[in-house]
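# Structural overview
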Amino acid sequence: MGTTCENILIPPYGGKLINLLAPVEECEELRARAGGLTRLQLTPRTLCDLELLATGGFSPLGRFMGRRDYERVLGEMRLADGTVFPVPVTLNIAPDAGVRLDREIALTDEQNNLLALMRVEEIFERSCEEERSVCGTTDPRHPLVAEMNTWGGLCASGHLRVLALPQHQDFKSLRLTPSGVRGRLEALGRAHVVAFQTRNPLHRAHEELTARAARSVDGTLLLHPAVGLTKPGDIDHFTRVRSYRILAERYYDPRRTVLALLPLAMRMAGPREALWHAVIRRNYGANHLIVGRDHASPGFDSHGRPFYETTAAQELVARHESETGVRALPFGEMVYLADEDRYEERGRVPAGARAVALSGTEVREDYLRRGQPLPGWFTRPEVAAVLARAHPPLHLQGFCLWFTGLSGAGKSTTAEIVAIRLLERGRRATLLDGDVVRTHLSKGLGFSKEDRDTNVRRISFVASEIVRHGGAVICAAVSPYRATRNECRAMVGAENFIEIFVDTPLEVCEARDAKGMYRQAREGKIKNFTGVDDPYEPPLSPEIRLETIACSAEENADIVLNHLVLQGFMLPASDDTVSGNDVTPIR
């Protein structure tokens, strides 16, 4: 099903916008039919994908991918018919989900609200290793690689009838479908449209860059921030959109600018994602895309290296320009010429001119995290005020200390001392001990890999909520698998996650054996015990490594606290103020 868009804008990718919304007159009958169907609750990521499928954002794709599309996208960045499409869009299911071939299922949101019916025409196995190739890495520090471990092992595909789009109560006037955005762009009367993809606040350099890009093609600027899933730890979209609205209303030319929100669940897949963004923006009416350096990258891998080459995204979009119809505008870094009060591309700065710039790291570390106001040449005062309210200094932000190591390594002992020291310093903290959590949150779980991962994920979910609300959380859990620990890092947010490896040799842990667990494991009374008949995967690059043979638990606690001070999560002792906060252990 599709609708033809005949206007001055570039036509949608594939010639028409896909529309999967069922006619109103059919919805009552479909809802009645859904009552007796297997219900599948969609994840936040899949909800975003369903919305863009239904409204044509992923045109010409009109369903979750079947096997032929999926396999060719993984290997060649093309759909089965040869159309360039670089990222898989799949409905992942577990083998025990109750989904059967040639039967309808009901798709719901997390509150069980009915959204769509799908007749299952294909069920096939995910190709996990090849799917990771979309990210260009198997490094579990990549947030999507880590997240993939939670996905079901199968994919389902079939004809979709969408009864309702996912509900959004925020910024309703900006949540426009592709056809809605096209209507606003059409009204401005320019054939050329430059889209700007962003998941970060906009500063004055971005203003200058985007305005120049639109002027360079005598076009309209489409400010199109992603407000689905972005990189864990990014500034929340409520804060970002407030700043975007200020700029659109007060500083951009309304005759050349459209602000709309994109409900995209980003993959942070670098070059492939940039090409995908070009395809998506064409469906919204854009024929140009500003592609930044290191576009859609999650940052650095486990070895501290960038995941992607700086210009790889720009080059990939440019190579496929003739097929996608979207031209990459690869603007370089903008710097401020202090003596001339203007911005210029770094490569065009006149000889001898005094050029200044701030990196994203400097903005976070030197200004926001220290509670220092951003300079006026860098950002608009209204935007600076929004960011200051939403991004308190680092010593007022939440953080997670994740102690990992073998059973008996000394994690809990050190974690408890750290918690008490934080109390002394006036910092509220919550202690989540793995054994205690098993008694309460995870009662009934065994020690299979799946159950262990479930226990760790539950701890990390609670930890992420505490951190999000500005609290300090101390987690002490064996958490033996690297991939799952990196899921925790991604869930909490990498910048506020501190992995602490309590590096105690197995023979020392076994000699301690205060709970008698190793003895029972050696006797075969406990199966799948870490270090005996199940592996422990030590961290490759933890923020802190503690040794318990040469150092006491008290000395190790001091190492952790000193790290917090050095990183800015705590003020030096002389600057502390006692606030009466207390430590809340989960008992």
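Quick caveat: nothing in here was measured; it's all calculated off a predicted structure.

### What about the overall build of the chain?
For the chain, the count of helices and strands is 20 helices and 21 strands. Here the C-alpha radius of gyration of the chain, 26 Å, is about what a compact globule of 587 residues would show, namely 25 Å. Per-residue burial over the chain gives 52% buried out of 587 residues. Residue pairs at least 24 apart in sequence account for 73% of intrachain contacts in the chain once pairs closer than 6 positions are excluded. Accessible surface, the chain: about 25400 Å² in total, of which carbon and sulfur atoms supply 49%. Taking the average location of the 73 positive side-chain charges in the chain and that of its 77 negative ones, the two points are 2 Å from each other.

### Side note on the pattern of salt bridges
One pass over the full model with this rule turns up 38 salt bridges. Note that R63 is salt-bridged to E121, the shortest N-O span being 2.7 Å. Of this pair, R63 sits in the loop between helix 2 (44-55) and helix 3 (67-76) while E121 sits in strand 6 (residues 114-125); the two residues are 58 residues apart in sequence, bridging distant segments of the chain. Given the relative accessible area of 27%, R63 is considered partly exposed. In this structure, D453 and K449 form a salt bridge, with 2.9 Å as the shortest nitrogen-oxygen distance. Of this pair, D453 and K449 both sit in helix 16 (residues 449-468), four residues apart, which is roughly one turn of the helix.

### Section: the sheet that holds strand 11 (residues 288-290)
Across the sheet, five strands lie side by side as 10-9-8-11-12; this open sheet has parallel pairing. Unpaired on one side and paired on the other, strand 10 (257-259) and strand 12 (327-329) mark the two borders of the sheet. Taking each pair of neighbouring strands and ignoring which way they run, the sheet shows an average axis angle of 25°. Pairing of strand 11 with strand 12, which is carried by three bridges, proceeds in the parallel orientation. Bridging across to strand 12, L289 finds its partner in A328. On the sheet, helix 6 (residues 178-188) packs against strand 8 (193-196), strand 9 (220-223) and strand 10 and is oriented at approximately 165° with respect to strand 10. Each of strand 8, strand 9, strand 11 and strand 12 is contacted by helix 7 (residues 204-216), which is oriented at about 155° to strand 8, the strand it contacts most.

### Some remarks on the environment of F378
Mapped onto the secondary structure, F378 falls in the loop between helix 12 (360-367) and helix 13 (381-390). Owing to a relative accessible area of 6%, F378 belongs among the buried residues under this scheme. Distance in space between the C-alpha atoms of F378 and G183 is 34 Å, their sequence separation being 195 residues. What F378 contacts, discounting residues up to four positions off in sequence, is H203, R204, A205, Y343, L358 and V363.

### With respect to the nonpolar core
Counting 70 residues, the largest nonpolar core has F58, F64, F85, L91, L107, M118 and L160 as the members making the most contacts within it. Setting aside residues no more than four positions away along its own chain, M118 makes contact with F64, L91, R103, E104, I105, L107, A156, S157, G158, H159 and L160.

### Quick notes on the packing of helix 14 (residues 411-424) against helix 20 (residues 553-567)
One way to put it is that helix 14 packs onto helix 20 with a least axis distance of 9 Å and a crossing angle of 55°. As judged from the angle between their axes, helix 14 and helix 20 are oblique. Where helix 14 crosses over helix 20, the handedness of that crossing is right-handed. Residues T413, T414, I417, V418, R421 and L422 of helix 14 touch helix 20, and the partners they reach there are A553, E554, N556, A557, D558, V560, L561 and L564. Per-class residue counts for the contact of helix 14 with helix 20 are eight nonpolar, three polar and three charged.

### Quick look at the environment of A187
Inspection of the secondary structure puts A187 in helix 6. Each C-alpha atom, one on A187 and one on S442, is 56 Å from the other, the two residues being 255 residues apart in sequence.

### Observations regarding the packing of aromatic side chains
Considering all chains together, one arrives at twelve aromatic pairs under this definition. Summarising the aromatic geometry, the rings of F501 and Y536 are spaced 6.0 Å apart at their centres and angled 20° between planes, so their arrangement reads as stacked. Note that F501 is positioned in strand 19 (residues 497-502) and Y536 in the loop between helix 19 (517-522) and strand 20 (544-546), a separation of 35 residues in sequence. For the pair formed by F501 and Y536, the shared burial category is buried. Ring geometry for Y518 and F529: centres 5.0 Å apart, planes at 80°, overall edge-to-face. Taken together, the residues span a long stretch of sequence, with Y518 in helix 19 and F529 in the loop between helix 19 and strand 20 at a distance of eleven residues. Residue F529 is classed as buried on the basis of its relative accessible area of 7%. Ring pairs connect the aromatic residues Y336, Y343, W377 and F378, which therefore count as one cluster. Here the basic side chain of K449 rests over the ring of Y481, its NZ or CZ set 4.5 Å away from the ring centre.

### Details of unusual backbone geometry
Across residues other than glycine, the phi torsion is negative in most instances, and most of the peptide bonds are trans. The step from S59 to P60 runs through a cis peptide bond, and the omega angle for that step is 10°. Within the element layout of this structure, P60 appears in the loop between helix 2 and helix 3. Non-glycine residue F171 carries a positive phi angle of around 50°. Locating F171 in the fold gives a position in the loop between strand 7 (154-162) and helix 6. Phi at N528 is positive, roughly 60°, even though this residue is not glycine. Mapping N528 onto the fold places it in the loop between helix 19 and strand 20. Given the relative accessible area of 32%, N528 is considered partly exposed.

What counts, and at which threshold
- Per chain, the residues get numbers from 1 upward, laid out in the order the sequence is written.
- In keeping with the predicted nature of the model, local features appear solely for residues at pLDDT of at least 70, side-chain atom pairs appear and are counted solely at 80 or more, and the whole-chain, interface and lining totals rest on all residues.
- For side-chain calculations, the full set of non-hydrogen atoms in the structure is used, while hydrogens and water are omitted.
- By definition, any uninterrupted DSSP run of H or I lasting at least four residues is a helix, any uninterrupted run of E lasting at least two residues is a strand, and each is numbered from the N terminus.
- Our radius of gyration is a C-alpha quantity, and the globule rule it is checked against amounts to 2.2 Å times the number of residues to the power 0.38.
- For each residue, the accessible area found with a 1.4 Å probe, counting protein chains only, is set against the maximum for its type, and the residue is called buried under 20%, exposed over 50%, and partly exposed in between.
- By the convention used here, residues are in contact when the closest approach between their heavy atoms is within 4.5 Å.
- Per-residue accessibility takes into account occlusion by the displayed protein chains alone, with areas from the Shrake-Rupley method and a 1.4 Å probe.
- Neither His nor the chain ends contribute to the count of charged residues, in which Lys and Arg are positive and Asp and Glu negative.
- Note that the charge is assigned to NZ on lysines, CZ on arginines, CG on aspartates and CD on glutamates.
- A carboxyl oxygen of Asp or Glu within 4 Å of a side-chain nitrogen of Lys or Arg is what we treat as a salt bridge.
- Strands were regarded as paired on the criterion that DSSP finds at least two bridges between them.
- Here, axes are lines fitted to C-alpha atoms. For helices the fit covers the stretch in contact, and angles between N-to-C directions go from 0 to 180 degrees.
- As used here, the term nonpolar core means buried Ala, Val, Leu, Ile, Met, Phe, Trp, Tyr and Cys residues forming a set that is joined through side-chain atoms within 4.5 Å.
- By definition in this entry, angles of less than 35 degrees are roughly parallel, angles greater than 145 are roughly antiparallel, angles of 65 to 115 are roughly perpendicular, and the rest are oblique.
- The handedness criterion is simple: a crossing whose near helix is rotated anticlockwise from the far helix by less than a right angle is left-handed, and one whose near helix is rotated clockwise is right-handed.
- Under the grouping applied here, Gly and all other residues not named as nonpolar or charged are polar, the nonpolar ones being Ala, Val, Leu, Ile, Met, Phe, Trp, Tyr, Cys and Pro and the charged ones Asp, Glu, Lys and Arg.
- The aromatic pairing rule takes the rings of Phe, Tyr and Trp, using the six-membered ring of Trp, and pairs them if the centres are within 6.5 Å, calling planes under 30 degrees apart stacked, those over 60 edge-to-face and the rest tilted.
- Lysine and arginine charges are scored as sitting over a ring when NZ or CZ, respectively, is within 6 Å of the ring centre and within 35 degrees of the ring normal.

Nothing here speaks to function; it is all geometry.
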